[in-house]
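Survey of secondary and tertiary structure
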Amino acid sequence: MPDYLLLRHRNIPELRKLSVYRQNGGFSGFQTAVTSMQPDAVTEVVKTSGLRGRGGAGFPTGQKWSFTDKRNWPHYVVANADESEPGTFKDREILEGNPFQFLEGVAIAAYAVQAQAAYVYLRGEFWQIAKQLDRCIAEMEEAGLLGEHLFATQYSLHIYTHLGAGAYICGEETAMLESLEGKLGQPRLRPPFPPAFGLFGKPTVVNNVETLTNVPLILSRGAAWFRTLGTEKSPGVKIFCLSGCVNRPGNYELPLGTTFRELIVGQGGGVPFGHKIKAIMPAGASSSLIVADKEALDTPMDYESVPKLGAQLGSASIIVIDDTVDIRWLINKTVGFFTHESCGKCTPCREGTYWMHHLTQRIAAADKEHLSSLQPDVQLLQAVASQIKNKCLCALGDFSIEAVLSGLERFKDDFAHP
Amino acid sequence: VGETTPDGLVTVEEVKCLAGCDKAPLFQVQSGVGIEYHENQTVESALDFIRSLKT
């Protein structure tokens, strides 16, 4: 069995218990930070490690922390546990199996930016996980790992959980902050970004669950150790969520820079029933479709290499599409999802996804023989999709067209009569 | 899908994303008791579950 870093509960079965987590070095990083390191020094270690945000954007984590405005107090940390990208299920496994490593990461991030309150925002479906986290937080308070004057210093910290109500948009950081404030979950205009104007208008660090779960190990084992994993520009390991037409779907923790082939064929056992792989969606429903040719399969999965294929690594939710799948059906599914989840604030996204869905429903329902009569619809779909691009406050609108435009461009045969 | 059984006991809706793509097919049951998840299902196991509700 590999030596897991984030999915350590696969090596250590009872890791979800505080006593077992502490026996395995748990909270030594947090204690060292609070008792013997300046907050900025903690940020500096994370910066040096090269850790990049695992939620999708891949922004350098330490840099994000260092942007926190020191002229404006208090500061907050918000952990994004609103995992709701179709195809993503990694944070759930971390929260269920290794909750204390995640909470220690939250605590270290909070110390680094001197926040005395941190919030964990969970998607509504995670209500059982939220209950479990509440118990973990209570245990930490009893053990003196959370609360007032931690380790006999001046530093105090409380962590709270907050459940969303099932809206995809609340995974977008500014919509999440609005929702946490008790408002309608809709994105804000950026800039200002959360490190300047975040929760309740105060400087706020928003990080993904997986990102924060890396932090305790960076503190206890060092930035130099972290850099030995992964690639130079994308250090560390990543949890790849493998699903779709594949023999062994699941979470795979592998170094960044592992190839698609190694994940899909080597680890995932390839495509079932002897079918051929046709396309890959590397970032869930928000991804461009990659033509699964030899070059693509041999591409390393990191933040630099995947864009060369005209896609993004995102949250690394690898959905495998085989040759039985019609791309018309697929884009109708993704567009349907985004139409349902568009929050309605920006007109191009609200109206655009609605009209795209009308078109994709017609296009998907057509017989293969009648596709030529649908060419005006296909052209209109292309036009509507192109007009959503870069015209919205958040990325949802842009995400809704990724599969559509790349599908139309790269899988022409599925849209045209041969 | 989208319909309710004549006895009003079960309504089936299609949803996207229950955070378990690796455990598909799956369904969520919302009842007076609460919300529960049934993962790695087959048509047969889903039908068995519905039959168990009726007894």
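Attention now moves to the overall build of chain A. Looking only at helices and strands, chain A has 16 helices and 9 strands in total. The C-alpha atoms of chain A give a radius of gyration of 22 Å, which matches the 22 Å a tight globule of 418 residues would have. Expressed as lengths along the three principal axes of its C-alpha atoms, the size of chain A is roughly 75 × 45 × 35 Å. The burial tally for chain A puts 59% of its 418 residues in the buried class. A separation of at least 24 residues holds for 70% of the contacts in chain A among residues at least 6 apart in sequence. Accessible surface computed for chain A: about 16600 Å², of which carbon and sulfur atoms make up 54%.

Turning next to the packing of helix α6 (residues 99-112) of chain A against helix α9 (residues 209-221) of chain A. All names here are of chain A. Look at α6 against α9: their axes get within 7 Å of each other, and the N-to-C directions meet at 80°. Relative to α9, the element α6 is oriented roughly perpendicular. Contact with α6, carried on its side by Gln 101, Phe 102, Glu 104, Gly 105, Val 106, Ile 108 and Ala 109, involves Val 209, Leu 212, Thr 213, Val 215, Pro 216, Leu 217 and Leu 219 of α9 and no other residues of that element. The residue inventory of the contact of α6 with α9, partitioned by class, reads 10 nonpolar, 3 polar and 1 charged.

This next bit is on the nonpolar core. Residues and elements named next belong to chain A. One finds Phe 30, Trp 65, Phe 102 and Leu 157 to be the most contacted residues of the largest nonpolar core, which totals 61 residues. Broken down by element, this core gets its largest block of residues, 10 residues, from α6. Residues within four places of Trp 65 in sequence aside, it is in contact with Val 42, Thr 43, Val 46, Ala 109, Ala 112, Val 113, Val 205, Asn 207, Leu 212 and Val 215. Of all hydrophobic cores here, the second largest spans 49 residues; its members include Ala 279, Ala 296, Leu 381 and Leu 408.

Residue and element names in this part refer to chain A. Spatial ordering of the open sheet is given by β6-β5-β9-β7-β8, a layout of 5 strands whose pairing is mixed. Looking at strand neighbours, the two that pair on one side only are β6 (250-255) and β8 (290-291), the edges of this open sheet. Sheet topology places strand β5 (residues 237-244) next to strand β9 (residues 317-322); 4 bridges connect them, and they run parallel. Its bridge partner lying in β9, Ser 243 is registered against Ile 319.

The next point concerns the pattern of salt bridges. Residues and elements named next belong to chain A. Per the stated rule, a full pass over the model turns up 27 salt bridges over all chains. Of the charged contacts in the structure, one is a salt bridge between Arg 52 and Glu 304, with a shortest N-O distance of 2.8 Å. One end of the pair, Arg 52, is in the loop between α3 (39-49) and α4 (61-66); the other, Glu 304, is in the loop between α12 (294-297) and β9, with 252 residues separating them in the sequence. Assessed through its relative accessible area of 15%, Arg 52 is described here as buried. Between Arg 92 and Glu 96 there is a salt bridge, with the nearest N and O atoms lying 3.2 Å from each other. Taken together, the positions of Arg 92 and Glu 96, both in helix α5 (residues 90-97) and 4 residues apart, correspond to about one turn of that helix. A residue is classified by how much of its surface remains accessible, and Arg 92, at 11% relative accessible area, is buried. Among the ionic contacts, a cluster of salt bridges with common partners joins Lys 90, Asp 91, Glu 210 and Lys 238.

Conventions we followed
- In every chain, residue numbers begin from 1 and rise along the written sequence.
- Each chain gets a letter, beginning with A, and each ligand a number, beginning with 1, in the order they are written.
- Where local features are concerned, this predicted model is filtered to residues with pLDDT of at least 70; where side-chain atom pairs are given and counted, the filter is 80 or more; whole-chain, interface and lining totals use all residues.
- Computation of side-chain values covers all heavy atoms of the structure but excludes hydrogens and water.
- We count a stretch as a helix when DSSP gives it H or I for four or more residues in a row; a strand needs E for two or more, and each element gets its number in order from the N terminus.
- Restricting the calculation to C-alpha atoms gives the radius of gyration, and the globule rule supplies 2.2 Å times the number of residues raised to the power 0.38.
- Residue burial is assigned from relative accessible area. The probe radius is 1.4 Å, only protein chains are included, and a residue is buried under 20% of its type maximum, exposed over 50%, and partly exposed in between.
- Whether two residues touch is decided by their heavy atoms; if any such pair falls within 4.5 Å, the residues are in contact.
- Residue exposure ignores everything except the shown protein chains as possible cover, and the areas themselves are Shrake-Rupley values with a 1.4 Å probe.
- The axes are straight lines fitted to the C-alpha atoms, using for helices just the contacting stretch, and the angles between their N-to-C directions are given from 0 to 180°.
- Between 65 and 115 degrees an angle is taken as roughly perpendicular, under 35 as roughly parallel, over 145 as roughly antiparallel, and anywhere else as oblique.
- Residue polarity is assigned by list, with Asp, Glu, Lys and Arg as charged and Ala, Val, Leu, Ile, Met, Phe, Trp, Tyr, Cys and Pro as nonpolar; anything else, Gly included, falls into the polar class.
- Residues enter a nonpolar core if they are buried and are Ala, Val, Leu, Ile, Met, Phe, Trp, Tyr or Cys, with the set joined through side-chain atoms within 4.5 Å.
- Whether two strands pair depends on DSSP finding at least two bridges between them.
- We define a salt bridge as a contact between a side-chain nitrogen of Lys or Arg and a carboxyl oxygen of Asp or Glu at a distance within 4 Å.

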